[in-house]
Protein chains: 2
Amino acid sequence: MAKLTSRAEDYSKWYNELVVKADLAENSGVRGCMVIKPYGYAIWEKMRDQMDKRFKETGHENAYFPIFIPKSLFEAEEKNAEGFAKECAVVTHYRLKTDPENPKKLIVDPEAKLEEELIVRPTSEAIIWNTYKNWIQSYRDLPILINQWANVVRWEMRTRLFLRTAEFLWQEGHTAHATKEEAVEETEKMLDVYADFAENFMAIPVIRGIKTPSERFAGADETYCIEALMQDGKALQAGTSHFLGQNFGKAFDVKFTNREGKIEHAWGTSWGTSTRLMGALIMTHSDDFGLVLPPTLAPIQVVIVPIFKGEEQLQQIDEVASDLQQKLKAKGISVKYDNRTENKPGWKFAEYELKGVPVRVAIGARDLENKTVEIARRDNLTKETQPIENLEVYIEQLLETIQKDIFQKALNHRAEHTTKVNTYEEFKKVLEEKGGFISAHWDGTAEEEEQIKNETKATIRCIPLDNPQEDGISLISGKPSKQRVIFAKSY
Amino acid sequence: MAKLTSRAEDYSKWYNELVVKADLAENSGVRGCMVIKPYGYAIWEKMRDQMDKRFKETGHENAYFPIFIPKSLFEAEEKNAEGFAKECAVVTHYRLKTDPENPKKLIVDPEAKLEEELIVRPTSEAIIWNTYKNWIQSYRDLPILINQWANVVRWEMRTRLFLRTAEFLWQEGHTAHATKEEAVEETEKMLDVYADFAENFMAIPVIRGIKTPSERFAGADETYCIEALMQDGKALQAGTSHFLGQNFGKAFDVKFTNREGKIEHAWGTSWGTSTRLMGALIMTHSDDFGLVLPPTLAPIQVVIVPIFKGEEQLQQIDEVASDLQQKLKAKGISVKYDNRTENKPGWKFAEYELKGVPVRVAIGARDLENKTVEIARRDNLTKETQPIENLEVYIEQLLETIQKDIFQKALNHRAEHTTKVNTYEEFKKVLEEKGGFISAHWDGTAEEEEQIKNETKATIRCIPLDNPQEDGISLISGKPSKQRVIFAKSY
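Residue numbers here run from 1 along each chain, matching the order of that chain's written sequence. Both sets of labels track the order of writing: A upward for chains, 1 upward for ligands. Reporting in this predicted model follows two pLDDT cut-offs: at least 70 for local features of residues, and 80 or more for side-chain atom pairs to be given and counted; totals over whole chains, interfaces and linings ignore these cut-offs and use all residues. Side-chain numbers come from the whole structure's heavy atoms, not from hydrogens or water.

A. The domain arrangement of chain A, seen in detail. Residue ranges assigned to each domain were obtained from an automatic or database domain assignment. Along its sequence, chain A is organised into domain 1 (11-285), domain 2 (295-413) and domain 3 (418-488). The gap between the C-alpha centroids of domain 2 of chain A and domain 3 of chain A is 46 Å.

B. Inspection of the sheet that holds strand β13 (residues 235-245) of chain B at higher detail. Residues and elements named next belong to chain B. For two strands to be treated as a pair, DSSP must find at least two bridges joining them. Segments assigned H or I by DSSP are reported as helices when at least four residues long, segments assigned E as strands when at least two residues long, and all are numbered from the N terminus. Taking strand neighbours across the sheet as the criterion, the eleven strands line up as β3-β9-β10-β16-β13-β12-β11-β24-β27-β23-β22 in an open arrangement whose pairing is mixed. Two strands in the sheet have a free side with no partner beyond their single neighbour: β3 (61-62) and β22 (418-420). Strand direction decides the pairing type here: strand β10 (residues 167-177) and strand β16 (residues 267-274), joined by eight bridges, are antiparallel. Pairing of Thr 175 across the sheet is with Thr 269, part of β16. Contacts between residues were defined by any pair of non-hydrogen atoms, one from each residue, lying within 4.5 Å. Every axis in this analysis is a line fitted to C-alpha atoms, fitted for helices over the stretch in contact. Angles between the N-to-C directions lie between 0 and 180 degrees. Sitting on the sheet, helix α2 (residues 38-57) touches β3, β9 (144-153), β10 and β16, and the angle it makes with β9 is about 160°. Along the sheet, helix α8 (residues 276-285) contacts β13 and β16; its crossing angle with β13, the most-contacted strand, is approximately 145°.

C. Looking closely at unusual backbone geometry. Put simply, Leu142(A) and Pro143(A) share a cis peptide bond, and its omega is -5°. Here Pro143(A) lies in the loop between α5 (125-135) and β9 (144-153). A positive phi angle, near 65°, is found at Asp23(B), a position not held by glycine. Summarising the element assignment, Asp23(B) is placed in the loop between α1 (11-21) and β1 (25-27). Positioned with a positive phi, Leu381(B) is a non-glycine residue whose angle comes to about 60°.

D. The arrangement of the relation of the copies chain A and chain B in detail. The atoms used to superpose the copies are C-alpha atoms, taken from residues with pLDDT of at least 70 in both, and the fit is least squares. By a simple turn and slide, chain A fits onto chain B: the slide is 0.0 Å along the axis, the RMSD is 0.0 Å, and the turn is 180°. What the rotation and shift describe, once combined, is the action of a two-fold rotation axis. Within chain A, Val91(A) has its C-alpha nearest the rotation axis, a separation of 2.1 Å. When the interface residues of chain A are mapped onto chain B, 100% of them are again interface residues, pointing to one common binding face.

E. Here's a closer look at helix α4 (residues 78-85) of chain A. For the exposure calls, accessible area comes from a 1.4 Å probe over protein chains only, and a residue counts as buried if that area is under 20% of its type's maximum, exposed if over 50%, partly exposed in between. Residues of α4(A) that are buried include every one of Asn80(A), Ala81(A), Phe84(A) and Ala85(A), and no others. Down the axis of α4(A), the smallest arc covering the buried residues is 120°, so these residues share one side. Away from its buried face by more than 90 degrees, α4(A) exposes Lys79(A) and Glu82(A). At its buried positions, α4(A) is contacted by α3 (71-74) and α7 (247-251) of chain A together with β6 (96-99) and β7 (102-108) of chain B. Polar contact criterion, stated in full: a pair of N or O atoms within 3.5 Å, where within protein one must be able to donate a hydrogen and the other to accept it, and residues adjacent in sequence count only if both atoms are side-chain atoms. Measuring from the backbone nitrogen of Lys79(A) back to the side-chain oxygen at the start of α4(A) gives 3.3 Å, which picks out Glu77(A) as the cap. Taken from the helix axis, the directions to the C-beta atoms give the arc we talk about.

F. The interface of chain A and chain B, seen in detail. Contacts between the two partners involve 61 residues from chain A, matched on the other side by 61 residues from chain B. Here chain A and chain B share an interface that buries about 5,200 Å² over both sides, 65% of which is from carbon and sulfur atoms. Among the residues of chain A in contact with chain B, Tyr64(A), Leu96(A) and Leu106(A) are the three that bury the most area, contributing 13% of the side total. Salt bridge, as applied in this entry: a Lys or Arg side-chain nitrogen positioned within 4 Å of an Asp or Glu carboxyl oxygen. At the boundary of chain A with chain B, the tally comes to six salt bridges. For Lys56(A), the salt bridge is made with Glu45(B), and the minimal N-O distance between the two is 3.0 Å. On the surface where chain A and chain B come into contact, there are 32 residue pairs in polar contact (both at pLDDT 80 or more). Here the quantity called buried area is the accessible surface, traced with a 1.4 Å probe, that two parts lose on coming together, added over both.

G. Local environment of the UniProt feature "domain: Aminoacyl-transfer RNA synthetases class-II family profile" (unreviewed entry) in chain A. UniProt positions are given in the numbering used here, feature names are shortened, and annotations may be inferred rather than shown by experiment. If you check UniProt for "domain: Aminoacyl-transfer RNA synthetases class-II family profile" (unreviewed entry), the listed places come out as residues 26-294 of chain A in our numbering. Helix makes up 29% of residues 26-294 of chain A and strand 34%, with an end-to-end C-alpha separation of 22 Å.

H. Just the packing of aromatic side chains, in detail. Working definition: rings of Phe, Tyr and Trp (its six-membered ring) pair if their centres are within 6.5 Å, and the pair is stacked with planes under 30 degrees apart, edge-to-face with planes over 60 apart, and tilted otherwise. Taken as a whole and assessed by the stated rule, the structure comprises 38 aromatic pairs over all chains. Centroid distance Phe84(B) to Phe217(B): 5.9 Å. Interplanar angle 55°. Geometry classified as tilted. One end of the pair, Phe84(B), is in helix α4 (residues 78-85); the other, Phe217(B), is in the loop between β11 (207-210) and β12 (222-229), and 133 residues separate them in sequence. Phe217(B) matches Phe84(B) in its accessibility class, with the two residues each being buried. Note on Phe248(B) and Phe252(B): the rings are 6.4 Å apart at their centroids and 5° apart in plane angle, and the pair reads as stacked. Put simply, the rings of Trp44(A), Phe55(A), Trp149(A), Tyr194(A) and Trp271(A) pair up and form one aromatic cluster. Definition used: whenever NZ (Lys) or CZ (Arg) falls within 6 Å of the ring centre and also within 35 degrees of the ring normal, the charge is taken to sit over that ring. Directly above the ring of Phe349(A) sits Arg360(A), whose terminal nitrogen or CZ lies 3.6 Å from the centroid. The ring of Trp14(B) carries Arg7(B) above its face, with NZ or CZ at 6.0 Å from the centroid.

I. View of the sheet that holds strand β5 (residues 90-93) of chain B. Here we have six strands laid out as an open sheet, ordered β4(A)-β8(A)-β5(A)-β5(B)-β8(B)-β4(B), and antiparallel in their pairing. What marks the edges here is a single partner per strand, and that holds for β4 (68-70) of chain A together with β4 (68-70) of chain B. Averaged over all pairs of adjacent strands, the angle between strand axes in this sheet comes to 45°, irrespective of strand direction. Alignment of β5(B) against strand β8 (residues 113-120) of chain B, held across three bridges, turns out to be antiparallel. What sits directly across from His93(B), in β8(B), is Lys113(B).

What follows is the structure in structure tokens.
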């Protein structure tokens with residue numbers, strides 16, 4: 001097994017190699033589309049199930065809406081249409097026929113042209129609000145709290161596995177409310193659900209904040225986000241929650257009679273996370289040896305590897321391992337015993353390090369004598385000897401410790417790579433030398449934001465929600481500012 | 001709430017009304033595509049989770065492949081391509097632009113034409129086998145046992161909610177094997193998984209069988225199926241499992257070195273079930289009052305309805321109901337207490353009958369005195385009085401009884417509507433007067449099959465797997481036949 005390119009050498013190459021070698025995903029024969037391989041999909045399934053549970057606990061139901069959006073519906077909400085028109089896949093025909101010049105080839109049948117083109121959904125507000133129109137007549141029909149798990153397509157020109165692909169998997173929540181207050185509350189609630197999920201399940205620390213107008217979702221009045229910091233000092237937007245105002249209510253004529261008997265347009269929210277989170281997971285925790293997975297997300301949490309000479313030793317170890325396996329399984333811990341004889345222990349060690357299995361248990365001949373095992377932690381690469389007695393209890397606690405430690409490590413990294421600056425010179429210096437989150441004053445104009453972006457490639461990631469008020473001077477215009485915002489280069 | 005059209009009056013209308021009124025699904029603004037509403041999706045989720053569990057138990061893993069298939073890959077396996085070319089959605093462009101004649105409208109950007117058209121997957125053999133090519137070099141890489149949960153698109157001209165829609169949700173298993181025997185074994189194993197799921201989870205009796213060559217999946221050497229009988233005497237194909245031979249292995253040049261060191265093409269299977277199963281569920285069990293759901297699939301298994309006059313009575317019932325709710329939940333039974341005051345009990349009874357809630361518990365003032373409740377079964381519409389003490393134990397057993405009774409009822413219906421015939425006259429008479437499965441001799445030719453289909457609209461649903469050998473004379477040609485096959489009109 002060839003070693004990974006190190007992060008220091010080429011971070012981007014390290015990432016791509018890791019995704020492929022750890023069997024998470026690979027590029028497909030279709031431009032910009034990926035194949036999510038079983039190991040990667042198993043991790044995504046855990047993320048999906050956990051989010052789904054949290055959505056249901058907060059009162060949401062799943063539903064499914066068509067993948068196609070007729071062009072006339074697509075263009076109804078102008079800003080949304082404008083935002084996605086430049087990168088959408090368009091279905092124009094519904095049949096192929098045999099090529100008259102080559103009977104082994106197929107061509108598009110010109111007689112099967114659609115009267116109206118269909119857009120493959122890049123996001124589903126249009127088709128969903130067009131449906132809600134028929135579901136909402138009275139305030140009694142509200143709120144509608146629906147989530148959808150689906151695939152979407154955005155025709156990105158430069159793609160990278162998980163981070164930016166033409167097709168990706170996601171969930172999109174779409175809710176309708178009787179009042180502005182309720183819709184804002186929902187937007188914020190779902191942001192909190194995302195932040196809690198990212199931190200307490202994925203072990204990824206995030207900043208909750210609000211996007212500037214220029215970074216808003218097309219069609220939203222306000223976009224909330226969670227922003228994570230990767231190991232290379234770049235930011236990654238890990239989830240967004242949009243307050244849509246009455247924009248879609250008006251565009252799709254979704255009206256209802258309110259408690260006072262007056263006709264109003266419904267208020268909306270939408271919120272989403274995607275397989276992009278896989279990229280955030282990889283780039284937050286992993287190292288030069290491969291994946292580092294928080295135990296919550298690891299398809300295999302513990303691997304047992306026998307170190308043996310000859311059949312007899314292996315049989316003795318098999319017995320001990322089988323007992324341990326049963327005890328771990330009884331505690332709900334997923335465990336694999338790899339007693340294949342065609343690969344050597346060293347090869348197996350490297351393999352499970354690459355795959356990010358949190359805990360490795362090695363059992364050798366001397367361990368049998370001493371009634372011990374060797375425990376190796378994937379996250380910090382430490383090893384220790386532990387008695388085999390009550391090992392399942394020790395491992396259960398160790399998995400919890402690892403989960404906490406991984407989060408703390410990422411939190412420390414973020415703290416070390418978050419810098420307050422007060423001048424543009426300082427800003428550029430920090431961005432160049434260290435990267436990370438830069439906390440600075442901004443004059444609130446699109447002009448200053450744009451100039452900084454053009455000159456440094458850094459964007460305002462968000463205006464943090466829990467932001468202390470502080471008098472300051474903005475970076476370029478020197479205008480007074482009341483609070484700092486977070487800048488960074490980003491994925 | 002307006003009554004449903006009865007099945008006797010107009011079966012087809014009954015079905016459509018039921019799907020919409022029970023909040024399962026509705027037509028969307030996109031031709032032939034449906035919206036699966038939360039209540040319908042909750043049932044589908046239970047089916048999906050249960051199937052997923054069974055796939056994993058039999059060694060399969062989930063993965064995800066692109067929704068698009070480049071035309072050149074699509075046409076690689078000729079029969080498969082021919083089978084789906086006439087009904088596929090084709091993406092030809094990747095961008096819209098503002099209409100120069102109307103700035104509020106968008107048009108397809110002629111400059112954003114794809115070099116190669118992309119087909120929205122009607123099934124994924126092509127894209128998956130094109131991927132397997134890179135995964136398979138040696139017999140050690142086999143078998144590959146992968147399943148995918150996805151949406152697919154087939155441009156059907158006549159669509160019906162769940163039964164036939166342009167887009168539907170499904171799972172598609174795609175496996176690759178080193179030997180023919182292993183691939184055939186997999187094909188049969190998955191058919192058994194489907195049959196077991198249909199009968200023991202969905203309470204739908206099915207016949208396991210093999211399709212005739214003319215009814216085979218395009219690209220398969222053999223198609224196995226499970227066939228269910230609906231209440232109107234029509235058959236519904238509820239799942240298929242295909243032995244693909246080396247067809248895709250050859251078309252996509254998937255070769256491996258076998259144990260003997262020789263190069264061979266891989267052997268394949270594919271197998272699928274879809275949201276069409278929702279149609280089978282509805283049409284197998286439901287009645288003129290609405291849905292009848294087997295307890296395994298009911299989003300709400302028990303509903304408690306208070307019958308009260310005044311606030312004080314309601315409060316007393318609330319207490320009893322709340323206690324019962326907790327006890328049922330502790331047993332893993334999903335329960336809803338509907339103490340809304342804006343709707344009368346009769347309205348609620350009709351609503352939960354429509355939605356197919358298996359058990360209704362009504363609690364009135366007299367019940368409080370007698371420490372009893374009224375239990376109503378949705379499946380056979382019977383009512384009885386039961387003591388409130390240990391009611392959770394009674395209900396738990398009742399749910400199991402209902403599950404069995406629903407299956408037995410469907411089994412009886414099928415037995416009553418399965419007829420052996422020996423002449424074509426008899427065949428036509430039974431088909432006309434009674435419908436159902438007709439067991440008859442067939443000469444094994446496509447000609448006889450075709451003639452029967454053209455003259456009666458009945459097709460051979462399958463050659464049953466557990467088929468007794470029996471000498472007979474075929475219906476039209478009068479040629480000798482060794483076994484009966486199952487004919488029916490179908491969905």
